[in-house]
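Spelled out from the first residue to the last, the chains are:
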Amino acid sequence: MNRTNPEIPVVGGGVVGLSVALGLLLAGRRVHVLDGADNDARASQGNFGLVWGQGKGWNYAPYAKWTSDALAAWPAFARKLVDLSGIDVALNQSGGFEFFTDAAEMEEFAAMLAQQQRHLGNRFSDEIISGDDLRAQMPGIGGGVVGASFSQMDGHVNPLRFLRALRVAVGAAGGRVTMDAPVARVAPATGGGFDLAMANGQIARAEKVVLCAGLGATALAADLGFSARVAPQRGELLITEKLHDRLPFLSSTIRQVDEGGVQTGGTKADAGLDDSETLDVMAGLARHAVTVYPPLADVRVVRAWGALRVMSPDGYPVYAHSSLYPGAYLVTCHSGVTLAPLHASVLADWIEGTSAAPDLEAFDENRFAISTAA
Amino acid sequence: MSAAITAADGGLRVLLLDEQAQPGGQIYRNVGARLATHSWLGKDYASGLRLLDALAQSGVTVQSGATVWRVDSGPRVVWSQNGISQVTTASHILLASGAQERPVPFPGWTLPGVMTAGAAQILMKTAGMLPKDAVLAGSGPLLYLVAAQMIDAGCPPKALVETQTPRMMLRAFPHLPKALLSAGTLLKGLRLIGKIRAAGVRRYKGASSFAATSDDSGMINFSFRSKGRLENLTCAVLLTHQGVILSTHMSRAAGITHEWNAAQVAFQPSCDIWGATDRPGLHVAGDGAGIGGAEAACAAGTLAALDILRASGHISANTRNQRAATARATLFRTRAIRPFLDAAYAPPAEILSPPDQTIICRCEDVTARAIRQGMSEGAAGHRQIKSSLRAGMGPCQGRMCDSTVRGILSAGNTSRMGDIAPPRARTPIKPITFGEMAALTTHSEDTA
Amino acid sequence: MKIVSRFQPPPKTGATAEFEYEGASITAPQGISLAAALLAHSGAYTRQTAGGDARAAFCMMGVCFECLVEVDGLPNTQACMTEVRQGMVVRRQIGLRRLNGCNDS
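Residues numbered from 1 in each chain as written. Chains lettered and ligands numbered in written order. Predicted model: local features only at pLDDT ≥ 70, side-chain atom pairs only at ≥ 80, totals over all residues.

1. With respect to the packing of helix H5 (residues 141-152) of chain B against helix H8 (residues 183-198) of chain B
All names here are of chain B.
Moving on, step 1. Look at H5 against H8: their axes get within 9 Å of each other, and the N-to-C directions meet at 50°. Here H5 lies oblique to H8, going by the angle between them. In the packing of H5 onto H8, the handedness of the crossing is left-handed. Residues Pro141, Tyr144, Leu145, Ala147, Ala148 and Ile151 of H5 touch H8, and the partners they reach there are Gly189, Leu192, Ile193, Lys195 and Ile196.
Moving on, step 2. Its residues assigned to classes, the contact of H5 with H8 shows nine nonpolar, one polar and one charged. (Axes fitted to C-alpha atoms, helices over the stretch in contact; angles between N-to-C directions. Helix = DSSP H or I, 4+ residues; strand = E, 2+ residues; numbered from the N terminus. Parallel < 35°, antiparallel > 145°, perpendicular 65-115°, else oblique. Left-handed = near helix turned anticlockwise from the far one by under 90°. Contact = placed C-beta atoms within 7 Å. Nonpolar A, V, L, I, M, F, W, Y, C, P; charged D, E, K, R; others polar.)

Structural data, given as structure tokens:
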């Protein structure tokens, strides 16, 4: 073992784990990413690829600011990924819509955006556009759309290529990634450090450990004195055959992947660990698609799926270090794509405790203890 | 068809949903049209007419051109016909999703002019169309059958290029005594081979290293190695075949547990002798439950229908067992030959794990090289290959590449393929438009 | 260069349907699939992939999606699952499909 620069195991090889690993590698640390089994719940393989700020943190300034920092950091991060991996993740940050078919809902959302604006000042701007103006700007928008909000900072990437780019980039930066290496338990070792018990029976000793295993982290985290409980929230999605033409818009529920397929999603359900796609939700997503943009009516859906979001009790990220067992870190969040540029940079400073570390106190898990006590 | 008839005869209301324009499946495809050209398709094919007549008299509601795109617990089935989708609930659903030909990937298999032997047979059955100047390549009973049918139609193939090696025959030999239980089938096979020999069709054996190119006139240049020599054949149509595999999209999407069938080098739904699965209300039968051919499929359909009649209280378990005797004997007899056929016509390693430049996923143009590159990046399962390379994400939803991706993941080693869990099948199992999905209406019908 | 059909023409008995394919008029027996009719007409490709590869009908049973053509304006239609119809207008599927009502590119 390299005594001056021991290898840090990162448990979880999804978007969050790989981003954190990349950040540590770029900060000069040695990293070993341990990924789970092929059939584990994998939010990173089922998500929508949004790089999105609209509405985020309207009620929690630290999250609004953290998200805003991430959006600003994305262009440079995407270039760095190309340099490291040779893979273009197709970042397109030319602005995104939130479409409404219900005027009251739109008003409510506009009020939320106004509050988000107050947190962010000149770092955020949004526009509320009436249905008629939308239709004038973008022929094809359906008559049932009463209006939309628009924010210039919003965008998206190709989520699957992003995951692959991260994996290749971690390798290129000198990190090790072991796939199909589920960690069964992480136990604090006597005299400091941690013993990672692999599902295959092997034990690995480490000075530090970073848990980024999404829904799989809960059981591991409890052993290390963490109290945060993340829960699965099912989202369902549809993807169509590829189109030659470009959709004239990006929205939080309808987007076109750079390869041509149109994805719809954004549903929320508590269904435990069941990631099935359900008929009613599929029909609802299809109705939404043809309501917002009727030219989609003859476009074929080739696949529907469910994916499990990793949700903390208040929906915001958790960045916590174990007070009981120093050296153990828990990183978990729903918006792993949006926040990736920060996870791959300043989060390493936070883990290393350098002077450049961001203040992440607002995202500690103690916020849940306080709210429970209150 | 067989199950529907048995169930309807037993007093159940039955709805038969079939994707094709006429009932008959792929084996008895278009048999009801009674085309004059059908004479050279042989007696076995014509025997499908008996089933078709029985179906017509059975009182079964037949919906042709009906594509099932989802099977739910409940159970209920979602199906599309003429651009309209409907939901039908039932106390029992029997999935008889049949089989498809095993994809035979090699460099050039995507060229116009390269087709499957089964496709040529469908053209004979449905349009009376015969391939001109054709070479048949691969192995398996269907290859010989198509060759014999072409000979009878006066349009013999130019050559038969067989991947079968003497070693495979040797491995099949221990299964021969059991196979003699289906001596009829064996004899039929021998007669086919005799016919091909008598017609003077050139045969190449132990063939490997398939590759095809085409020229400006569209002719296919097919090269391969046989007995240590590089051979070249020019033909208008290259028809390949390497046995059939189960169509499991429907059964996997329905959540039924699947198990590896090592002899057939394919996954199949787990079920008991009646075709009952681990999902309540769902039975499987026919080739979709285990490759066995037409006779076996009929028998399995009868058994499943009898079990559904028992489960719905129409007959007792005793009656079911008594009435099942003939079908069970048929199933036993017809399946007896499978170990022999499976061993004799096993897919060669180069088809399961083809050379680098071969396109594996035809929809997304993913090559074997790209899949091996994905493996070097750490991908160890279907899902990682799919999510990092898009193999299996096109409109065919993996039907043309899943089996090869599995082959490449296990480096052509069949003994390791069963360890690779089959990919998740999601709905819709056939593409459906947004508009059709949006207009979905539920209507309940009490059927079997 | 014209590529002649790789198949003997279907027997000419019974009713026929006439349809248009890439500007040519084709007569085919009623009841056969569009894919069969196109194979009887020519041995050439019927679709081009996004990457420009030429493809034609392959499995004839609705599994492989290689026989995709545009039928009466509907792109990516499986020719092997479509019966020939009098008066239908068929075109090759060239590259990715277009979005109907979106002709600006």
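2. Things to note about the pairing of strand E15 (residues 261-264) of chain A
Residues and elements named next belong to chain A.
Moving on, step 1. Side chains of E15 alternate between two faces, with Gly261 and Gln263 and Val262 and Thr264 buried alike.
Moving on, step 2. When strand E13 (residues 231-242) meets E15, the two strands line up antiparallel, connected through three bridges. By the bridge assignment for E15, Ile239 is matched with Gln263.
Moving on, step 3. As paired strands, strand E14 (residues 254-256) and E15 are joined by three bridges and run antiparallel to one another. From the neighbouring strand, Arg255 faces E15, where its bridge partner is Gln263. (Buried ≥ 20, exposed ≤ 12 C-beta atoms within 10 Å, placed from the backbone. Pairing = 2+ DSSP bridges.)

3. Brief notes about the interface of chain B and chain C
Moving on, step 1. Residue-level contacts link 37 residues of chain B with 33 residues of chain C.
Moving on, step 2. Residue assignment for the side of chain B that touches chain C shows that the elements contributing at least two residues are strand E7 (99-101), strand E8 (114-116) and helix H4 (117-127) of chain B.
Moving on, step 3. With five residues, H4(B) is the largest single contributor of residues to the side of chain B that touches chain C.
Moving on, step 4. Split by residue class, the side of chain B that touches chain C holds 19 nonpolar, eleven polar and seven charged.

4. A look at the domain arrangement of chain A
Moving on, step 1. You can read the domains of chain A as domain 1 (7-51 + 161-230 + 314-373), domain 2 (96-152) and domain 3 (231-311).
Moving on, step 2. Computed over C-alpha atoms, the centres of domain 1 of chain A and domain 2 of chain A are 35 Å apart. (Domains from an automatic or database assignment.)

5. Re the sheet that holds strand E1 (residues 7-11) of chain A
All names here are of chain A.
Moving on, step 1. The six strands are arranged E8-E2-E1-E12-E18-E17 in an open sheet whose pairing can be described as mixed. The sheet is open, and its two edges are formed by strand E8 (176-178) and strand E17 (318-321), each paired on a single side. Strand-to-strand twist in this sheet, taken as the mean axis angle between neighbours without regard to direction, amounts to 15°.
Moving on, step 2. Both strand E2 (residues 30-34) and E8 contribute to a ladder of three bridges, which runs parallel. Pairing of His32 across the sheet is with Arg176, part of E8.

6. Focus on the domain arrangement of chain B
Note: interface size is frequently given as the accessible area lost on complex formation between the parts.
All names here are of chain B.
Moving on, step 1. Split into domains, chain B comes out as domain 1 (2-97 + 246-315), domain 2 (103-242) and domain 3 (354-409).
Moving on, step 2. Between the C-alpha centres of domain 1 and domain 2 there is a distance of 29 Å.
Moving on, step 3. Each partner contributes residues to the interface: domain 1 has seven residues there, and domain 2 has eight residues.
Moving on, step 4. In the side of domain 1 that touches domain 2, the residues fall into three nonpolar, three polar and one charged.

7. Quick look at the confidence of the model for chain B
Moving on, step 1. Overall, the prediction assigns chain B a mean pLDDT of 93, with 98% of residues at 70 or greater.
Moving on, step 2. Reported for the predicted complex are a pTM of 0.95 and an ipTM of 0.96. (pLDDT = per-residue confidence, 0-100.)

8. So, the nonpolar core
Moving on, step 1. Core analysis: the biggest nonpolar cluster contains 271 residues, and Val210(A), Leu211(A), Ala286(A), Leu123(B) and Leu136(B) have the highest contact counts within it.
Moving on, step 2. Among the elements that line this core, the one with the most residues is helix H10 (residues 294-311) of chain B, at twelve residues.
Moving on, step 3. Beyond its immediate sequence surroundings of up to four residues, Leu136(B) is in contact with Ala117(B), Leu143(B), Val146(B), Ala147(B), Pro157(B), Leu160(B), Val161(B) and Leu239(B).
Moving on, step 4. Counting residues in each nonpolar core, the second largest holds 16 residues, with Ile337(B), Phe340(B), Leu341(B) and Tyr345(B) among its members. (Core = buried A, V, L, I, M, F, W, Y, C linked by C-beta atoms within 7 Å.)

9. As for the interface of chain A and chain B
Moving on, step 1. Residue-level contacts link 30 residues of chain A with 26 residues of chain B.
Moving on, step 2. Elements supplying a minimum of two residues to the side of chain A that touches chain B: helix H5 (159-172), helix H7 (279-292) and strand E16 (300-311) of chain A.
Moving on, step 3. It is H7(A) that provides the largest number of residues to the side of chain A that touches chain B, a total of seven residues.
Moving on, step 4. Looking at the side of chain A that touches chain B, its residues break down into 18 nonpolar, two polar and ten charged.
Moving on, step 5. Examined bridge by bridge, E16(A) and strand E22 (residues 432-433) of chain B share two bridges and lie antiparallel to one another. Within the sheet, the bridge partner assigned to Arg300(A) lies in E22(B) and is Thr433(B).

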